[in-house]
Amino acid sequence: MPAVNYQMMYEASARTGGPGDNQIVFWPGLLDGHNQTLTPNPDVIYLMPFFTTKQVGPIVLEVPPAGDEGSLNGSIMNYWQVALEDIGPAGVDEGTGGRCLILPPDFDGEVPAGYLPLRSDTYQGYGLIRSVLRSGSAADIDQAIAYAHQIKLYPLAEVDDPPETDWVDASGSLFDAAIPYDLRFFQALDRTVQAEPFLHRDRVMINQLRSIGIQRGTPFAPGPELAEILTAAAADAQAWIDAEYEKVFHPFTPTARWALPALPELITATEANFEQPDAYPVDARGVAYSFAFFSSKHLGKGQFYLMTIADEDGKALDGANTYRLTVPADAPVTQYWSVTVYDRATHTLIRDAPRAGCSSQAENLTVNDDGSTDIYFGPTAPAGSGPNWVPTDPGGRFEALFRFYGPTSSLYDHTWRLPDIGQTPAAR
């Protein structure tokens, strides 16, 4: 699942502007429904450098220092979306900036002085980098974009005369990276197998994949009968994943519907690069990458997430209803908080919605006298809700993701608690 998830993003990158290799795809503005990645953040400037070291060797990713000009939050990952390292103030550079050096799996040379080595066990990979806004004003969005453009990506072999970084503007184009639960899933998986050698821990899959026609160096060409079987299998897998997805929601606090959307064993395995001798949580990993992309090397240091699919009564969030969430005062963040809604069926931004969420940085956000903030979700805006309203699709269910950027201790010791989403009286 994480490999196909990556493959879908890589191919969307290539459709947007060129081969997809060693280029930075970016959105010079806040995301909207054109970005169909899994549960993306629409309140930052998104950059996704896609790299491959197979032909050119080590790749340099230059990261600017954090300061008055801006700040980054993100991770660099291998093909399997396992974080090599985080970058920015909560990352390997600790906000001072620097030159990260992404090394291929067969690298046996010396790392030049002055570089931050990131050793990868795959040739391909990508980064999810966010340029954090000071506020939602047009001027601060422009500043975050300008700051992001200080990032550079080029081969180490060309360090003496680095080429211009290849920037690909994806705004306004459909960037469709949703998981396809049909024959296309297996076709994408085949492209993954052809592109990268098997990792040692995944060699058990070689014969299993061969049994359905996926084998390195051999074209994948299922006949009509096998294609029908695989299509049905993908649908069965989607149903299983959806059922397992609901099990992910272990309450963050005893009385809450909100949960960190990842099982503890997955977080531990990811931070250990899946090298634990007695644990390999492939099911948990598969479920997680069915609704999200990106992994953090040190989750909770730079950002934290709480997600819910149900209201305070335990009922699924329905886009035809109207709900309210009251965010208490003094939210435990040093940067900002936000809440975003996604299509429950695809885990992507709701297409054609005028906006996807609400952030503490939003202009003209209404704040109550006690410092709390009421956020409304529904197909139409309640009277007077203005920028505090998040539109939903009346024809389907939705899920909500609450982000904490620069989380502080009161989140983890539960002295600050996020209440559940409740239906407004008119919707009950």
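On a predicted model such as this, the values are computed, not experimentally measured, just so you know.

Visitor: What is the right way to read the overall build of the protein from this model?
Guide: In terms of regular secondary structure, the protein is built from eight helices and 20 strands. Relative to a compact globule of 428 residues, whose C-alpha radius of gyration would be 22 Å, the protein shows 22 Å and is just as compact. With respect to the principal axes defined by its C-alpha atoms, the protein has extents near 60 × 55 × 40 Å. For the protein, with 428 residues in total, the buried portion stands at 55%. At a minimum sequence separation of 6, the contacts of the protein that also span at least 24 residues come to 74%.

Visitor: I would appreciate a short explanation of the nonpolar core in the present structure.
Guide: Core analysis: the biggest nonpolar cluster contains 70 residues, and W27, M48, F50, Y126, L128 and F293 have the highest contact counts within it. Discounting chain neighbours no more than four positions away, the residues touching F293 are N5, M9, T37, L38, Y46, M48, Q81, Y126 and L128.

Visitor: Is there a simple way to explain the pairing of strand β6 (residues 83–87) in this structure?
Guide: Looking down a regular strand, the side chains alternate between one sheet face and the other. Among the five residues that make up β6, five are buried, leaving the element largely enclosed by the rest of the structure. In the sheet, strand β5 (residues 72–78) pairs with β6 via four bridges, with the strands oriented antiparallel. Across the sheet, I76 pairs through a bridge with E85, a residue of β6. Between β5 and β6, which follow one another and run antiparallel, lie four residues, and Q81 among them has a positive phi close to 65 degrees.

Visitor: I'm lost on the packing of aromatic side chains in this one. Help?
Guide: To describe a pair of aromatic rings, one takes the distance between the centres and the angle between the planes. Inspection of the entire model under this criterion finds 22 aromatic pairs. A ring pair is formed by Y126 and F293, whose centres lie 6.5 Å apart and whose planes are at 35 degrees; its orientation type is tilted. With Y126 in strand β9 (residues 124–131) and F293 in the loop between α7 (282–291) and β13 (303–308), the pair connects residues that are 167 residues apart, well separated along the chain. The class of Y126 is buried, set by a relative accessible area of 0%. Between F185 and F186, the ring centres sit 5.8 Å apart and the planes meet at 75 degrees, which makes this aromatic pair edge-to-face. Here F185 falls in the buried class, since its relative accessible area comes to 14%.

Visitor: Can you walk me through the pattern of salt bridges in this structure?
Guide: Under the criterion given, the structure shown has seven salt bridges. Notably, a salt bridge pairs D176 with R351, separated by 3.9 Å at the nearest N-O pair. Residue D176 is found in strand β12 (residues 175–176), and its partner R351 is found in the loop between β15 (333–343) and β16 (357–359); the two are separated by 175 residues along the sequence. Taking the relative accessible area as the measure of exposure, R351 reaches 44% and is therefore partly exposed. Between D242 and R344 there is a salt bridge, with the nearest N and O atoms lying 2.9 Å from each other. Taken as a pair, D242 in helix α5 (residues 224–247) and R344 in the loop between β15 and β16 lie far apart in primary sequence, 102 residues in all. The class for D242 is partly exposed, based on a relative accessible area of 28%.

The rules behind these values
Residues numbered from 1 in each chain as written. Predicted model: local features only at pLDDT ≥ 70, side-chain atom pairs only at ≥ 80, totals over all residues. Heavy atoms only, no water. Helix = DSSP H or I, 4+ residues; strand = E, 2+ residues; numbered from the N terminus. Rg over C-alpha atoms; globule rule 2.2 N^0.38 Å. Buried < 20%, exposed > 50% of the residue type's maximum accessible area, 1.4 Å probe, protein only. Contact = heavy atoms within 4.5 Å. Core = buried A, V, L, I, M, F, W, Y, C linked by side-chain atoms within 4.5 Å. Pairing = 2+ DSSP bridges. Phe/Tyr/Trp six-rings, centres within 6.5 Å; stacked < 30°, edge-to-face > 60°. Salt bridge = Lys/Arg side-chain N within 4 Å of Asp/Glu carboxyl O.

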